[in-house]
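Given next are the chains, with one letter for each unit.
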Amino acid sequence: MRFPRLRTLLFATVVLSLVAAACGGGEDEAPAPAATAAPAATARPANTPVPVPTATAIPVSAGELVVLGANLGNSELIQRQGQTREYLDSMYDYMIGADDNGTLNTRTGVVNGWTLSADGTTHTLKTRKGVLFHNGREATAEDYRINIERARGEKSQFSSATNLRREVKSITAPDANTLVVVMHARDIWWHLQYASIMGQGGAPNNIIDGKYFTEVGEEGYNTKPIGSGPYKFKSIVVNDNVTMEAVDSHWLYGVPRIKTFIYRGVPEETTRLALVRSGGADIAPISRAGIKPSQAAGVRMVEKANSGVGAFRFDAQFTAEYPGYGKNPLADANVRAALGYHGIDRKTIVDTFLVGSGEPTLDYPSQPMDQGYTKQAVPPYDVAKAKQLLTAAGYPNGFAMDMIIYPWAQLAESQEIMEAIAVMWEKLGSQMKVTRVPMDFITYQGKLFAAGVDPKGAWTKPTVGGMWFLASSPVAGAGAAASHTPGGFVTNLDAQMDALGKAWQSSGTAAEYKANKDAYMKRAVELVGPTGGGVPVFLTGLLWVAGSKVPQGWRIGAGRYQMNFQQVAAARALPFT
């Protein structure tokens, strides 16, 4: 209130001064000075235009992005396994993020700090404030605690359930932004494997609304999901597509670039390529056989080199016999070596189906990204040796078996490769009969879980399942032990492998990690595919085609399931590292 009065007083003073000067000094006024010539007029400077400030454009989400996969996995809307992460990544945030080169960071995940106790048994994670679920509720450490408990529950369908139950002693959220996970034994990589984007596919590494989950349960959440990612669920057509819409603003991406994000399952590669060429889709996986057609069509390709292995599983490996069938041949390591090692022409598979874009391998779970990686020697394709091993096991003419063949989203060639392997095996004996059994992956996965409870209840005869794509991990040993524990995702119940896996998982130094890895891998090769992944056949990379709406800077991340589709849709500047 003082400033207006001050301005009034100053204005009055100036006026009085001007009035006094105009009135003069009265009778004693001095004579006026002689007139002088007026100064010459000077040119008036030209007016300088005042720049008009330009209005700052308010970001808006616009348009749509269509990503294609070979299938829609099990059409789940809440994470349980890795295959659905390609579209779920856009609806949910990861607890710990990573740069595109695979380095964990505190910027791109809900967790913005973590520490490990000196004895390697207690992980403390700090969660950031201001992360909102799609219903407006703020995310807390308690939400993540509930997701871990969900993943390790007795009815869990997470592949990591057994490991989480065995390894985690307690999980607490002492305050809204602190989570404390205490292990039974040392595990210095637990946070990477089970809380980060770099972790395994079936890990509870994203955040769900725990309060909402407690109210509606697994099936309710799977019908109407609530995440905190840049896109929220709009609709689903089971086995066909999931449609998501941009949130108003996301804590990391701000206002997403694309308004509508659609993920569709399209089994036929020629259809996928045609859709990208015509502009009906923007990103799609292709096989190596599709490289030349894509190049001829002028479609841009993006590769994630050496990102994983193609492998199949001896699913009946530890069942001694089947009612009505008899003794199980696959329980014999000689039979597994005959089929899995010497009975497969890996080089021909790489040259034919991968067009040379790969190499034969026996490397799983330790692959090139693993910090302790050492390449395993690959046995040669040798039909005579395979027949010799079958004879030694008591099956000189072979035997009858089933082969489950399903499409795999990240490996477009999977079904053709399994058919080729079946033909190779049938050449090993006059009674070697391989019955091909087409099956969708969700049905196959259900049988795997059934086998974890009762190995005899899943299959009725010797059975092989595949081909699936096993992506690389920087610390493969972090989950190795789970493959050999009863009641889990697999039935590879070998006591020595279990002990070796636990030793590898609890390694405290890089040197110890490598030594334990070497011992585990040596035993795995001897037993022929006893790990959770099965028998590796080749190492290769993921390959995608991209349309004009996909920024040139798009990079597929180093993580095993890090496709970065959400970056393409949401980020306004790429690369986003």
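The structure presented is a predicted model; accordingly, all values stated were derived computationally and were not measured.

What is the right way to look at the environment of Ala139 in this model?
Relative to the assigned elements, Ala139 resides in the loop between strand S5 (122-127) and helix H3 (141-151). For the pair formed by Ala139 and Asn177, sequence separation is 38 residues and the distance between their alpha carbons is 8.9 Å. In contact with Ala139, other than residues within four places in its own chain, are Val131, Phe133 and Ile207.

I'm lost on the layout of surface pockets in this one. Help?
Over the atoms rolls a probe the size of a water molecule, and its path tells where empty space is left. A volume near 280 Å³ is recorded for the largest pocket. Pro267, Glu269, Ala412, Glu413 and Glu416 are the residues nearest the centre of the largest pocket, which is lined by 16 residues in total. Looking at the lining of the largest pocket, the elements with two or more residues in it are helix H7 (269-278), helix H10 (346-353) and helix H12 (414-426). For the lining of the largest pocket, the element with the most residues is H12, which contributes three residues. A volume near 230 Å³ is recorded for the second largest pocket. Tallied by class, the residues present in the lining of the second largest pocket amount to seven nonpolar, six polar and one charged.

Would you take a moment to explain the packing of aromatic side chains for this structure?
The way to describe two aromatic rings as a pair is by their centre distance and the angle between their planes. Going through the model one piece at a time under the given rule, you end up with 20 aromatic pairs. Judged by centre distance (5.1 Å) and plane angle (70 degrees), the rings of Trp189 and Tyr513 are edge-to-face. Taken together, the positions of Trp189 in the loop between strand S7 (178-183) and helix H5 (190-195) and Tyr513 in helix H16 (residues 510-527) put the pair 324 residues apart, joining distant regions of the chain. For Tyr513, a relative accessible area of 0% translates into the label buried.

Can you walk me through the sheet that holds strand S6 (residues 168-175) in this structure?
Within a beta sheet, neighbouring strands are joined by backbone hydrogen bonds and run either parallel or antiparallel to one another. Ordered by their spatial adjacency, four strands build an open sheet running S4-S5-S7-S6, and the pairing between neighbours is antiparallel. A single partner strand is all that each edge strand has here, and the edge strands are strand S4 (111-116) and S6. When strand polarity is set aside, the average angle formed by the axes of neighbouring strands in this sheet is 15 degrees. Looking at chain direction, S5 and S7 are connected through five bridges and run antiparallel. Opposite His123, over in S7, you have Val181 as the bridge partner. Of the strands in this sheet, S5, S6 and S7 are in contact with H3, which crosses S6 at around 160 degrees.

The rules behind these values
- Residues numbered from 1 in each chain as written.
- Predicted model: local features only at pLDDT ≥ 70, side-chain atom pairs only at ≥ 80, totals over all residues.
- Heavy atoms only, no water.
- Helix = DSSP H or I, 4+ residues; strand = E, 2+ residues; numbered from the N terminus.
- Contact = heavy atoms within 4.5 Å.
- 1 Å grid on protein atoms, 1.4 Å probe; cavity = no way out; pocket = protein on both sides within 12 Å on 5 of 7 lines; lining within 4 Å.
- Points joined across faces, edges and corners; volume = space filled by probe spheres on them.
- Nonpolar A, V, L, I, M, F, W, Y, C, P; charged D, E, K, R; others polar.
- Phe/Tyr/Trp six-rings, centres within 6.5 Å; stacked < 30°, edge-to-face > 60°.
- Buried < 20%, exposed > 50% of the residue type's maximum accessible area, 1.4 Å probe, protein only.
- Pairing = 2+ DSSP bridges.
- Axes fitted to C-alpha atoms, helices over the stretch in contact; angles between N-to-C directions.

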